[in-house]
Each structure stands twice: as C-alpha cells, then as structure tokens.
Amino acid sequence: MIDNNTQKADLFESLRHRMVEEQIIRRGVTNPLVISAMKKVPRHLFVPKDLIHKAYEDRPLPIGHEQTISQPYIVAYMTQALRLVGGEKVLEIGTGCGYQAAVLAEIAKEVYTIERIAELAEKAKNTLKSLNYNNVHVVVGDGTLGLDEFAPYDAIIVTAGGPKIPKTLIEQLKVGGSLVMPVGEYKYGQTLTRITKGVNGKINEEKLIDVLFVPLIGDEGWKQ
Ligand code: SAM
C-alpha cells in the first residue's frame, strides 16, 4: 500500500517537473546541469508551510522579514548565467530560505552563502542540513563585503538588487569567473548584470534582463 507521504512526494515531484518544462525549458533555459538541479531540489521544503501549495507556481513567494524566495525561472536563469560546468567554488550573497544555494550545490563543489538576517540564515541552515546539502556553508553578515576567508571564487551570485556591483566582490572573483547581480539606480527594479573577469583583471560587463529584487542592504549596497 502506498502511504500518504509517498503520495505527497510524488505529487510535488510531478509539479516540479511540470514547473521545469513549462516555466524554465519553454522560456529558453538549456543548460542540462541547471535543468537537472531544478528538477531535483524540493522547492516546497524551502517555502513557509502555509504556502507549500504555491511552491511550484511561476512567481516569487514571501519567506518572512519582508524577503522572498525568487521566481523559479529567475533562479534557473541566474544559475545558467554563471556558466558553471561543475566542481566550482561559488559565493552567493542573499541566502534567504536557501533554495538558490541548494540549486547551486547540485552543480558546484562548495557553496558559501551570506545572509544579513540571522533568523533567515538559521532557518536556511536547518533546511539545507535536513536535505544533506553538506557542501553549503551559511554565514551571517554583510555580503556586500564578500567572504575573504575562502576567496577567490569561480562564480559569485548576488540575489538582491544594489546600486552598483560591490568592488570587494569583483576583487574576490577569480580570473575567468563570472559574477551575476541585479543592478539598478533605484531600490526597486534592476537589470540583471553579468561581469566576467579577464586576464589582467579586465572586466567585461553585459546587461541581461530586467528583474525586480528586494534591496541589497549593506556597506557597498543600499543604506537601510
Ligand atoms: N536566494 C534566496 C533564495 O533562494 O531564497 C532569495 C534571496 S532574497 C530575494 C534576498 C536576500 O538577500 C534576503 O534574504 C535579504 O535579507 C538578503 N540580503 C540583502 N542584503 C544583504 C547583504 N548585504 N548581505 C547578505 N544578505 C543580504
């Protein structure tokens, strides 16, 4: 006999696969590593319990403290934009509920993720631990200052919007690495921007798509 929990897990898996087909592949995400990570990570276990039935919808959801878990498509798009091939050391700024970190952890070797709100960091840490994401390291602090201890990083992803790409993060990026961040001159509404560090530290900047992220608050971000 199939028990209730198995039925629920099957239902969430089928919703997740549909999410990937309809929201992600159909919109042009092609990287097989990203597609397989998005098919695997149980998004419904990262959202607040009362929103679990909305976990696979095509939108961001509130996670408390006026913060959000990003829309699945944006998570996939940003992950693809990092051009990971597997085995990297990645830095994420803005852990939130830890979902993006889990997606990265399916591809990269080590993921360091910084969150400024201690309660969110603690919750994300517990969720990631319960799912055995032992290669994700959650740190509480101001991510605009990066994490010098483990620098340089093969890739850096910022999941909150700031007025400019923090200089410190550019310094902590490896030569040949990519950094993706929502950048905008106003607190709400940004352009997803990718910079690539070439030899001699030469920076190439590309504007990708328009996005709407919560603000990046910190020394090299917005002031409160
Ligand atoms: N990546 C997250 C996920 O998968 O749920 C979504 C992140 S949410 C859109 C943005 C997060 O960035 C919030 O949790 C917010 O507290 C955090 N944040 C904002 N400024 C920050 C900073 N300077 N350092 C670290 N985290 C910051």
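Just above sits the structure.
Residues numbered from 1 in each chain as written. Predicted model: local features only at pLDDT ≥ 70, side-chain atom pairs only at ≥ 80, totals over all residues. Heavy atoms only, no water.

Engineer: So what's going on with the site of the ligand? Which residues, and what values?
Structural biologist: Taken together, the neighbourhood of the ligand is formed by 27 residues, with Glu-92, Gln-100, Glu-115, Gly-143 and Ile-217 sitting nearest. In this structure, Cys-97 approaches the ligand through a main-chain N or O atom, which is 3.4 Å from an oxygen atom. Burial of the ligand by the protein chains amounts to 100% of its free accessible area of 600 Å². (Near = heavy atom within 4 Å. Polar contact = N/O pair within 3.5 Å; in protein donor to acceptor, adjacent residues only side chain to side chain. Areas by Shrake-Rupley, 256 points an atom, 1.4 Å probe, with all protein chains shown as cover.)

Engineer: Describe the pattern of salt bridges, listing the residues and the values that go with them.
Structural biologist: Pairing between side chains of opposite charge can happen when their charged atoms approach one another. Considering all chains together, one arrives at eight salt bridges under this definition. Asp-58 serves as the salt-bridge partner of Arg-27, at 2.5 Å between the closest nitrogen and oxygen. Residue Arg-27 is found in the loop between α1 (4–25) and α2 (32–40), and its partner Asp-58 is found in the loop between α2 and β1 (61–64); the two are separated by 31 residues along the sequence. Classification of Asp-58 as partly exposed rests on a relative accessible area of 35%. Where Glu-206 meets Arg-194, a salt bridge forms, and the shortest distance between an N and an O atom there is 2.9 Å. With Glu-206 in strand β9 (residues 203–211) and Arg-194 in strand β8 (residues 190–197), the pair connects residues that are twelve residues apart, well separated along the chain. In this structure Glu-206 comes out as partly exposed when scored by relative accessible area, which is 25%. The buried category is assigned to Arg-194, whose relative accessible area is 9%. (Salt bridge = Lys/Arg side-chain N within 4 Å of Asp/Glu carboxyl O. Helix = DSSP H or I, 4+ residues; strand = E, 2+ residues; numbered from the N terminus. Buried < 20%, exposed > 50% of the residue type's maximum accessible area, 1.4 Å probe, protein only.)

Engineer: Pulling in residues and values, what's your account of the packing of aromatic side chains?
Structural biologist: Applying the stated criterion across every chain yields a total of five aromatic pairs. Relative to Phe-150, the ring of Tyr-112 has its centre 4.3 Å away and its plane inclined at 15 degrees; by these criteria the two rings are stacked. Separated by 38 residues along the polypeptide, Tyr-112 in strand β4 (residues 110–115) and Phe-150 in the loop between β5 (136–140) and β6 (153–158) bring together distant segments of the chain. For Tyr-112, a relative accessible area of 10% corresponds to the buried category. Grouping aromatic residues by their ring pairs yields a cluster made of Tyr-112, Phe-150 and Tyr-153. The positively charged end of Arg-43 is found above the aromatic ring belonging to Tyr-99, 4.9 Å away from the centroid. (Phe/Tyr/Trp six-rings, centres within 6.5 Å; stacked < 30°, edge-to-face > 60°. Lys NZ or Arg CZ within 6 Å of the ring centre and 35° of its normal.)

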